[in-house]
Amino acid sequence: MAVELCLLLLLFCGSTVSEVQPLYKLPPGTLDFGFVPSKTYDTGAYHEPGPIGILFKTVHAFLYLVQPNSFPQDLIRKLAQQKLGNTQGDYQKAIYYEIGFIISAALGLLFIFLLPLVGLCFCMCRCCDNCGGEMHQRQKKNADCQRSCFATFLFVASLIISVGVLCAYAANQHLTNQVKGAKKLVNSNFKDLKIFLNDTPAQIDYLVSQYNTTKDKALSDLNNVGPLLGSRVQEQLSKEVRPALDAALTMAGAIRETKEALENVSVSVEVLQEGTERLDANLTEAKMHLSNTLNDSACSVAQAASTCNIIRNSLNQLSINANFSGLPGVGSQLAKVNDVLKIDLSSLVQKGYAAFNDTPDLVVNQTKNILSDIKNVLESIGSNITTFTKALPVQKILADLTVYLTQSEAYVQDYFPLVEQYDFYRWLGCLILCCMVVLILVFYYLGLLCGTCGYDKHASPTTRGCISNTGGNFLMAGVGFSFLFSWVLMIVVVLTFVTGGNVEKLVCEPFEDKSLFQVLDTPYLLNQHWKNYLAGILFKNPNIDLTFEKVYSDCKENKGIYTSLHLEHLFNINEFLNISMYTEDVALKIEHIQINLSKIILLDEIGKENLLNFSSSGIEGINFAAYLTEINKSVTKVDLLTFANDLEARADQLPKGALENALKGHANNIRVIHNQQVVPLEQAMSTLNQSIRLLKRTSSELMAKVKNVISAVNAAQHLINNNASLVIVQETKKYMDTIVGYFEQYIEWVKESIAMEVAACKPIANVIDTAVDIFLCSYITDSVNTFWFGLGGSSVFLIPAIIFAVKLSKYYRRMDTEDVYDDTENGNNGYHKEHLYGIHNPVFTSSVEQW
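On a predicted model such as this, the values are computed, not experimentally measured, just so you know.

What counts, and at which threshold
- Residues numbered from 1 in each chain as written.
- Predicted model: local features only at pLDDT ≥ 70, side-chain atom pairs only at ≥ 80, totals over all residues.
- Heavy atoms only, no water.
- Helix = DSSP H or I, 4+ residues; strand = E, 2+ residues; numbered from the N terminus.
- Buried < 20%, exposed > 50% of the residue type's maximum accessible area, 1.4 Å probe, protein only.
- Contact = heavy atoms within 4.5 Å.
- Areas by Shrake-Rupley, 256 points an atom, 1.4 Å probe, with all protein chains shown as cover.
- Patch = residues over 30% accessible without salt bridge, like charges linked within 9 Å, V, L, I, M, F, W, Y side chains within 5 Å.
- Salt bridge = Lys/Arg side-chain N within 4 Å of Asp/Glu carboxyl O.
- Lys, Arg positive; Asp, Glu negative; His and termini not counted.
- Charge placed at Lys NZ, Arg CZ, Asp CG, Glu CD.
- Disulfide = S-S within 2.5 Å.
- 1 Å grid on protein atoms, 1.4 Å probe; cavity = no way out; pocket = protein on both sides within 12 Å on 5 of 7 lines; lining within 4 Å.
- Points joined across faces, edges and corners; volume = space filled by probe spheres on them.
- Nonpolar A, V, L, I, M, F, W, Y, C, P; charged D, E, K, R; others polar.
- Expected span 1.5 Å × (residues − 1).
- pLDDT = per-residue confidence, 0-100.
- Polar contact = N/O pair within 3.5 Å; in protein donor to acceptor, adjacent residues only side chain to side chain.
- Axes fitted to C-alpha atoms, helices over the stretch in contact; angles between N-to-C directions.
- Parallel < 35°, antiparallel > 145°, perpendicular 65-115°, else oblique.

Enquirer: Could you give me a rundown of the overall build of the chain, with the residues and numbers involved?
Expert: Counting its secondary structure elements, the chain contains 28 helices and two strands. A total of 851 residues make up the chain; the buried ones form 46% of that total. Within the chain, contacts between residues at least 6 apart in sequence are counted, and of these 89% link residues at least 24 apart. Put simply, the chain shows about 42,500 Å² of open surface, and 58% of that area lies on carbon and sulfur atoms.

What follows is the structure, encoded as structure tokens:
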């Protein structure tokens, strides 16, 4: 019941996880819902063993040598279903899988039974002065070499036994240390579970509260329906409206420019006519005076005659070239244009602009009632969510789960001292086992130390010193304790080896590669009537595809519990809270928006008539060819400045005198005429040229241009009056897409948040990892396996240590009898005895009893 209550914690968000197909293609504006509030979990479900990890890896490698076979999923399934043995060959497969453990355990049992038996026989044999029990040592030439080899081999075996007992002690101490520190890890897991329970309601409330973000954004868009919807409608209509109004406004500017051009033409023509008359009179007078000067007698002189004739022949060039007196006037056209300008066309066009720019305000005024209904729908959605949230028994579920969790924590806390007490007993027992081996090692090391230090190679076997004899006795004591303790040690090794090794191979390794979950997920395994056991427990529906492996993997990735456990199958809240139903209401009301833009007048009839009057002003009837013909002419037939310069240059060719001075005076007079009369006339001609060409461009197809402008304005007005509804429908659809898109964003965000962030079930995976991977495998199994690995190695090497210790003790202990040789036979033995072999020597009789 408690598990089901935990799973119900997130169910009211189920509607957000239901499949919602996007109704519209246009992507709405992005909403910022912030981050779902969450706290960091303290538990790090990972154990780093430290330096002892090298031993753990070594043990794992040894276990792989003993048991290299893969995890037997089929056998485990049959064992769980109590069908092991129903199929021929099941036991053979089981034996094949366990063959490494079986052989190793058999060797261990053989060790347990044979070593005490061998020890008993060895003891009895020595009591009968056999098996090295006789206190007599035969002398051999390689005695020193044998003694050194036996001492070396015994020392190496002792070192290996020491390393093994150190490994066992380290594993024993490591397990105790981890048990003492396990309380902190257990408390951390309970703390994370409490955070999981306490934070989930806040996360759910945050998801619900973020509906206000959606609602506020929708209300904001509704309140700004003018700038949003109105501006969109205006933007679409402006594709035709603004070019038409721009053309009309351009035509109004053309009318003003035409008036200015006509006025410039009228003034310029008048100035040119008057100026050319004065210029003609002045040039005629200048030509007459110059002619009189050339008729002087000084020109008859041979040196001046040719020059004077040349000047006389050029006098015809001193006359005007352009004649503006015959140009037609433009007074009638100017009068008509002035009549057209009595009506301010630009003002009328600006009124059209203003009316069109008021489109957003028209939309606001015409959608007030519908927008009020939409706002009511949005408020009702929020109130329904709030009401339904309050109706859910979230607090009761939390209270029940919190009580259950508190009771579990109290239970663990109460029993934890008992666990520590039992662990102390275990630690003490393992320490005693290690001390047994240490006691044997102490005798061996003392025996090696005393025997090596007290050995005198010049002393005979019957005259060895006390220290050497003590070393031999220590070695034999170590042998005795080895026979006494080795079988006890091996019993512990075999039991822990079989248990710990199989736990490592059948639990820890399959848990790490998730093959253990695959076994648990086997259909009909844990319950012969349920295909999926977990789904049957949670939802009473074993056909739902919910597996242990998938749940564990999702929680390991810190996904939401709603997604991990497929809680939508337990309680589908979408039947009670369906936001899509409300969005359909919103969309339906938005579709009913009706906007009438017929009040917009782009250009009234007065403005259109004004345009037509301008087109009939007559400017196209102006004789532009006559004007351009005269304008393209120069004012005089010759450039007066050039003429004056030539005249002055020819005067310089004449002899010095009155004639020269007179001609230069005439040249200066011509220059004055050019500067005072020709230059202003040229400026007036430039102004006339620009105005005439402007009028020519304006008058070109003027009637067609005006009609095109009027047609564009009429087409735009027709679009507004008759076809704007289609544009309004299209833009209203886009506006509706935006509003509804906010709800779709909210749904998708809630779906993603529930899947990945809300009630992230990492603590559940941490609890499993803590119980199996850390406690069972890392703390207990690895430590136990390392303990039997070290203790077993020490026990095995006790056998060669016993052999070498027995052999070596002969060279350290004081003998009762010894071999005696003559001097010639003795050679370089180092000693000489007077008694024959086998005769008791009471002087050198050993005071030490035979062992």
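Enquirer: Can you explain a negative patch on the surface? Please cite residues and give values.
Expert: On the surface, a cluster of negative charge is contributed by Glu-270, Glu-274, Glu-277 and Asp-280. The residue Asp-280 is located in helix H8 (residues 225–294) in this model.

Enquirer: For the environment of Phe-789, give the residues involved together with the corresponding values.
Expert: Of note, Phe-789 is situated in helix H26 (residues 762–796). In this structure, the C-alpha to C-alpha distance between Phe-789 and Phe-56, residues 733 residues apart in sequence, is 9.8 Å. Every residue in contact with Phe-789, bar those within four places of it in the chain, is listed here: Thr-58, Val-59 and Phe-62.

Enquirer: Before we move on, can you summarise the state of the cysteines with the specific residues and values?
Expert: Here the structure, examined in full by the defined rule, presents two disulfides. Paired through a disulfide, Cys-508 and Cys-777 show a sulfur-sulfur distance of 2.1 Å. Looking along the S-S bond of the Cys-508-Cys-777 disulfide, the torsion reads about -100°, which is the left-handed sense. Note that Cys-508 is positioned in helix H15 (residues 466–512) and Cys-777 in helix H26, a separation of 269 residues in sequence. Since its relative accessible area comes to 6%, Cys-508 is described here as buried. With relative accessibility at 4%, the residue Cys-777 sits in the buried group. Each sulfur in the disulfide pair Cys-555 and Cys-761 lies 2.2 Å from the other. Because the torsion about its S-S bond is -105°, the bridge between Cys-555 and Cys-761 counts as left-handed. Of this pair, Cys-555 sits in helix H18 (residues 548–556) while Cys-761 sits in the loop between helix H25 (702–756) and H26, placing them 206 residues apart in sequence. Looking at Cys-149, it has no disulfide partner, and the nearest cysteine sulfur is the one in Cys-145, 4.1 Å off. With a relative accessible area of 32%, Cys-149 lands in the partly exposed category. Cys-430 takes part in no disulfide bond, and the closest cysteine sulfur, belonging to Cys-434, lies 6.9 Å away.

Enquirer: Summarise the layout of surface pockets; cite the residues concerned and give the values.
Expert: Space inside the largest pocket adds up to approximately 1,300 Å³. Looking at the largest pocket, it is lined by 44 residues, and the ones nearest its centre are Phe-190, Leu-193, Ile-764, Val-767 and Ile-768. If you list the elements that add at least two residues to the lining of the largest pocket, you get helix H1 (2–7), helix H6 (143–209), helix H14 (394–454), helix H17 (533–539), H18 and H26. With twelve residues, H14 is the largest single contributor of residues to the lining of the largest pocket. In terms of residue class, the lining of the largest pocket is built from 38 nonpolar, four polar and two charged.

Enquirer: Break down helix H11 (residues 345–357) for me, citing the residues and quoting the values.
Expert: Here H11 contains 13 residues, and its C-alpha end-to-end distance of 18 Å stays within 8% of the 18 Å for a straight helix at 1.5 Å per residue. Residues of H11 that are buried include every one of Leu-345, Ser-346, Leu-348, Val-349, Gly-352, Tyr-353, Ala-355 and Phe-356, and no others.

Enquirer: Give a description of the confidence of the model for the chain that names residues and reports values.
Expert: Taken residue by residue, the chain gives an average pLDDT of 77. The fraction at 70 or more is 82%. This model gives residues 1–28 a pLDDT under 50, and the stretch forms 78 contacts once residues within four places in sequence are excluded.

Enquirer: Describe a nonpolar patch on the surface, with residues and values.
Expert: On the surface, Tyr-91, Ile-95, Ile-99, Ile-102, Ile-103, Leu-107, Leu-110, Leu-114, Leu-117, Val-118, Leu-120 and Met-124 cluster together into a nonpolar patch covering about 1,100 Å² of accessible area. As for its position among the elements, Met-124 is in helix H5 (residues 90–127).

Enquirer: Talk me through the side chain of Thr-176; I want residue IDs and the actual numbers.
Expert: As for its placement among the helices and strands, Thr-176 is situated in helix H6. Exposure remark for Thr-176: the relative accessible area of 6% places this residue in the buried category. In this structure the side chain of Thr-176 is engaged in a polar contact, spanning 2.8 Å, whose partner is the side chain of Arg-426. Look past the residues within four positions of Thr-176 in its chain and what remains in contact with it is Asp-423, Arg-426 and Trp-427.

Enquirer: Tell me what's going on with the environment of Leu-681, and back it up with residues and numbers.
Expert: Locating Leu-681 in the fold gives a position in helix H24 (residues 658–699). Sequence-wise, Leu-681 and Thr-276 are 405 residues apart; in three dimensions their C-alpha atoms are separated by 7.7 Å. Setting aside its immediate chain neighbours within four residues, Leu-681 contacts Val-271, Leu-272, Gly-275, Thr-276, Leu-279 and Val-635.

Enquirer: Run through the packing of helix H3 (residues 53–66) against H26, naming residues and quoting values.
Expert: In contact at an axis separation of 9 Å, H3 and H26 are set at 75° when each is read in the N-to-C sense. Compared by their axis directions, H3 and H26 come out roughly perpendicular. Contacts between H3 and H26 pair Leu-55, Phe-56, Thr-58, Val-59, His-60, Phe-62 and Leu-63 from the former with Ser-778, Asp-782, Ser-783, Asn-785, Thr-786, Trp-788 and Phe-789 from the latter. By residue class, the composition of the contact of H3 with H26 is seven nonpolar, six polar and one charged.

Enquirer: Let's hear about the side chain of Asp-423: which residues, and what values?
Expert: When you line up the elements, Asp-423 lands in helix H14. Among the residues examined, Asp-423 registers a relative accessible area of 9% and is labelled buried. Setting aside anything within four residues of it in sequence, one finds Asp-423 in contact with Leu-175, Thr-176 and Val-179.

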